[in-house]
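A structural walkthrough
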Amino acid sequence: MASKFPHHATDAHARRSRERLAPQDRRAQIVRAALELLVESHALEPSFSVLAERLGISRNLIYHYFASPAALLIAVVESECEAVTSSIEAAERASANAPQREKLEAVLLAYIRSISVRLDFVQLVSCSSEAAKIFNELVAKNTPTFTEVLLGILPLDEVKGPICEDCIKAALRAWMEFMRLFIHGVVKRGSPYDEEAVARYAADVLYAAALGAAKLKPSATLEQPADGESCPNNLIR
């Protein structure tokens, strides 16, 4: 059966694929082509037959790297998520000596830019239930790492003593999740926007929340939890 994809796209991929590649480069090439294919076809999983035709390689070679289309889909999502995480870590290292507020904005800007250049991936997660499921599982696993990076930047030194630090951090994590969803919403619109302005806004919101938390005074509403409790019951009713 003839491929439904444009011949020029298939030919371009095939020309690149005839070159001898190192194993890690070949694997990365297959993953990138699978992402493009999934976005174009709206399929639940990538077709090895179509990929082989596009890349000018055999289906057996794809099976050498990926046991099944489902395994390749997981690799696509993991690769994109790892790229975002790497950019965040690089921004954190680059701004290590910067003031807290500046460092916070730098990390958020890196996150925004990483998402912005991955509109194909954002579209895939939006349209594919299988990709969305894998993505949500990875976010659940990796988001705590991202939030811990942000919590390490925010000015929380004064949140101690009788103030419930666990409750404050739980509230800040909720703000971080809100800002993450806000950023994704802005990017998915596809309209032009100022990345630095969005990063400043996100940083302003999180920084203000942290400063507000640091100024809280002990009260009946913020009782220190007993041993073994993470948050006082009267705070979450």
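Everything discussed here concerns the structure shown above.
What comes next concerns the included structure. Residues take numbers from 1 onward in each chain, read along the sequence in its written order. For a predicted model such as this one, the threshold for reporting local features is a pLDDT of at least 70, and the threshold for listing and counting side-chain atom pairs is 80 or more; totals across whole chains, interfaces and linings nevertheless cover every residue. Side-chain figures throughout are based on the complete set of non-hydrogen atoms in the structure, without hydrogens or water.

**Considering the overall build of the protein chain**
Heads up, the condition is: Secondary structure elements follow DSSP: runs of H or I no shorter than four residues count as helices, runs of E no shorter than two count as strands, and numbering proceeds from the N terminus. Classification of residues uses two cut-offs on accessible area relative to the type maximum, computed with a 1.4 Å probe and protein chains only: under 20% is buried, over 50% is exposed, and between them is partly exposed. Contact between two residues is taken to exist if any of their heavy atoms lie within 4.5 Å; hydrogens are not considered. The method behind every accessible area is Shrake-Rupley, applied with a 1.4 Å probe, and residues are considered shielded solely by the protein chains displayed.
Scanning the protein chain from terminus to terminus reveals 10 helices and zero strands. Counted from the first residue to the last, the protein chain has its helices and strands arranged as α-α-α-α-α-α-α-α-α-α. Within the protein chain, the fraction of its 237 residues that count as buried is 43%. Contacts in the protein chain between residues at least 24 apart in sequence constitute 70% of all its contacts with a sequence separation of at least 6. Summed over all atoms, the accessible surface of the protein chain reaches about 13,200 Å², with 53% contributed by carbon and sulfur.

**What about the packing of helix α7 (residues 119–127) against helix α8 (residues 129–153)?**
Operational definition: Here the axes come from fitting lines to C-alpha atoms, over the contacting stretch only for helices, and the angles between their N-to-C directions go from 0 to 180 degrees. Between 65 and 115 degrees an angle is taken as roughly perpendicular, under 35 as roughly parallel, over 145 as roughly antiparallel, and anywhere else as oblique. Nonpolar residues are Ala, Val, Leu, Ile, Met, Phe, Trp, Tyr, Cys and Pro. Charged residues are Asp, Glu, Lys and Arg, and all others, Gly as well, are polar.
Running from amino to carboxyl end, α7 crosses α8 at an angle of 105 degrees, the nearest separation of the two axes being 5 Å. Put simply, α7 runs roughly perpendicular to α8. In contact with F121, L124, V125 and C127 of α7, α8 contributes S129, A131, A132 and F135. Of the residues assigned to the contact of α7 with α8, the class counts are seven nonpolar, one polar and no charged.

**A few points about the nonpolar core**
As a reminder of what qualifies: Definition of nonpolar core: a set of buried residues of the types Ala, Val, Leu, Ile, Met, Phe, Trp, Tyr and Cys, connected through side-chain atoms within 4.5 Å.
Formed by 33 residues in total, the largest nonpolar core has its most connected members in L104, L108, L150, L154, L172 and L206. Among the elements of the structure, α5 (69–94), α6 (100–116), α8, α9 (165–189) and α10 (195–214) are those that each provide at least two residues to this core. Setting aside anything within four residues of it in sequence, one finds L150 in contact with L104, V107, L108, M176 and L206.

**Things to note about the environment of V186**
Mapped onto the elements of the fold, V186 is located in helix α9. Looking at V186, the relative accessible area reads 12%, which means it is buried. In this structure the C-alpha to C-alpha distance between V186 and S116, which are 70 residues apart in sequence, comes to 9.4 Å. Every residue in contact with V186, bar those within four places of it in the chain, is listed here: Y193 and V198.

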